[in-house]
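These are the residues of each chain, in order.
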Amino acid sequence: MSENNRLGVFKTYKLYVGGKFPRSESGRVYEVTDSKGAWLANVPQSSRKDARDAVVAARKAFGGWSGATAYNRGQVLYRVAEMLEGRKEQFVREVAASEGLSKSKAAAVVNAAIDRWVWYAGWTDKIGQISGGANPVAGPFFNLSTPEPTGVVAVLAPQKSSLLGLVSVIAPVIATGNTAVVIASADAPLPALSLGEVLATSDVPGGVVNILSGATAELAAPLAAHQDVNAIDLTGAGAELAKELEIAAADNLKRVLRPQPAEADGSDPSTDWLAAPGTHRLTAFLETKTVWHPTGALGTSGSSY
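Reading the values: rules and limits
- Sequence order as written defines the numbering, with residues in each chain counted from 1.
- A pLDDT threshold of at least 70 governs which residues receive local features in this predicted model, and a stricter bar of 80 or more applies before side-chain atom pairs are shown or counted, although totals over entire chains, interfaces and linings include all residues.
- Neither water nor hydrogens contribute to the side-chain values; these are computed over all heavy atoms in the structure.
- Only one rule defines a salt bridge in this text: a Lys or Arg side-chain nitrogen within 4 Å of an Asp or Glu carboxyl oxygen.
- Each helix is a run of H or I in the DSSP string that is no shorter than four residues. Each strand is a run of E no shorter than two, and both are numbered from the N terminus.
- Burial classification: accessible surface area is computed with a 1.4 Å probe over protein chains only, and a residue below 20% of its type maximum counts as buried, one above 50% as exposed, and the rest as partly exposed.
- Only heavy atoms matter for contacts: two residues are in contact if any of them lie within 4.5 Å across the pair.
- In protein, a polar contact means a hydrogen-donor-capable atom and an acceptor-capable atom, both N or O and within 3.5 Å, with residues adjacent in sequence counting only if both atoms are side-chain atoms; elsewhere, any N or O pair within 3.5 Å suffices.
- In this analysis, axes come from line fits to C-alpha atoms, helices being fitted only over the stretch in contact, and the angle between any two N-to-C directions falls in the range 0 to 180 degrees.
- Throughout, the term roughly parallel applies to angles under 35 degrees, roughly antiparallel to angles over 145, roughly perpendicular to angles from 65 to 115, and oblique to all others.
- Under the grouping applied here, Gly and all other residues not named as nonpolar or charged are polar, the nonpolar ones being Ala, Val, Leu, Ile, Met, Phe, Trp, Tyr, Cys and Pro and the charged ones Asp, Glu, Lys and Arg.

Enquirer: Explain the pattern of salt bridges here, please?
Expert: If charged atoms from side chains of opposite charge come close, those side chains can pair. Summed over the entire model, instances satisfying the criterion amount to 11 salt bridges. Across the pair glutamate 218 and arginine 28 runs a salt bridge, and its minimum N-O distance is 3.0 Å. Here glutamate 218, found in helix α8 (residues 216-225), pairs with arginine 28, found in the segment before β1 (29-33); they are 190 residues apart in sequence, far enough to count as distant. Its relative accessible area of 30% is what places arginine 28 among the partly exposed residues. A salt bridge links arginine 87 to glutamate 197, with the shortest nitrogen-to-oxygen separation between them at 2.7 Å.

Enquirer: Sorry, what's going on with the environment of arginine 255 here?
Expert: Inspection of the secondary structure assignment puts arginine 255 in strand β9 (residues 255-257). Between the C-alpha atom of arginine 255 and that of aspartate 233, which follows or precedes it by 22 residues, the distance is 8.5 Å. Excluding residues that lie within four positions of it along the chain, arginine 255 makes contacts with Thr150, Asn230, Ala231, Ile232, Thr283, Ala284, Phe285, Leu286 and Glu287. In this structure the side chain of arginine 255 is engaged in a polar contact, spanning 3.2 Å, whose partner is the backbone oxygen of alanine 284. Side-chain polar atoms of arginine 255 contact the backbone oxygen of leucine 286, separated by 3.1 Å.

Enquirer: What am I meant to see in the packing of helix α4 (residues 103-123) against helix α6 (residues 164-175) here?
Expert: Angle between the axes and distance between the axes are the two parameters that describe a pair of packed helices. Between α4 and α6, the shortest axis-to-axis distance is 9 Å and the interhelical angle comes to 10 degrees. It follows that α4 is roughly parallel to α6 by the angle criterion. In this structure, α4 contributes Val109, Ala112, Ala113, Arg116, Trp117 and Tyr120 to the contact, and α6 contributes Leu164, Val167, Ser168, Ile170, Ala171, Pro172, Ile174 and Ala175. The residue makeup of the contact of α4 with α6, split by class, is 12 nonpolar, 1 polar and 1 charged.

Shown next, in the form of structure tokens:
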């Protein structure tokens, strides 16, 4: 059959939860359009149960992922960059359609997203050196501070930067050993859902990253109040929603990352995400464990160590 006579196969977008690709348990979908209002796809509209299922998957994956060596996590993140590089053309199309960019600008955004995975991959086994170390104390003790991952992190992805901003909030969370439940941009979820397919083929264990699409406020509320979520990133929330979520998050003393002015909802075009990210997102979801250990009796012969 000639190309002109065949019917095209439309892509089916699904959630990414626990390493699998379910539809929303509610069966709901909503239309996604490009910047000019043309239809792009129907995507799942996640429910509160989908959010709870994602938390269960993230908690189940946390032990293995946080227990992996930092070097191994770096290898996995680098593998994500490799796989994303191999599907660059698809992501250029999706970013261009989602954000109303020209093909050349969309390509620059996708390249930056790939580079960001590589950048964070390099930090996995180095962040401990700048956020921990030996502390000088007066006495015969070793005093060591080491960073540890917080746990399950709910991430509200940027609303306008559908790929670069998304990668910039996911990569530091998992680079430091946390697991993530991500709410994709409500209006531009296609790159996020496609990223789930990349993660599934990139040695990232199932459940380490879980991606939901749908109404941000509807999904964020149960995650902020969930007792098994340890932290929340409010980047994709507007000021009013962020305030409500902070109040809900206080119930179990969640760590809360408030967006920087350039990252806040409504003012996050992709150019804002092109700057060097720094390490503040790496350290935002780390706890510091400090251990005291006696060096032994000190006498004329010196320490027993």
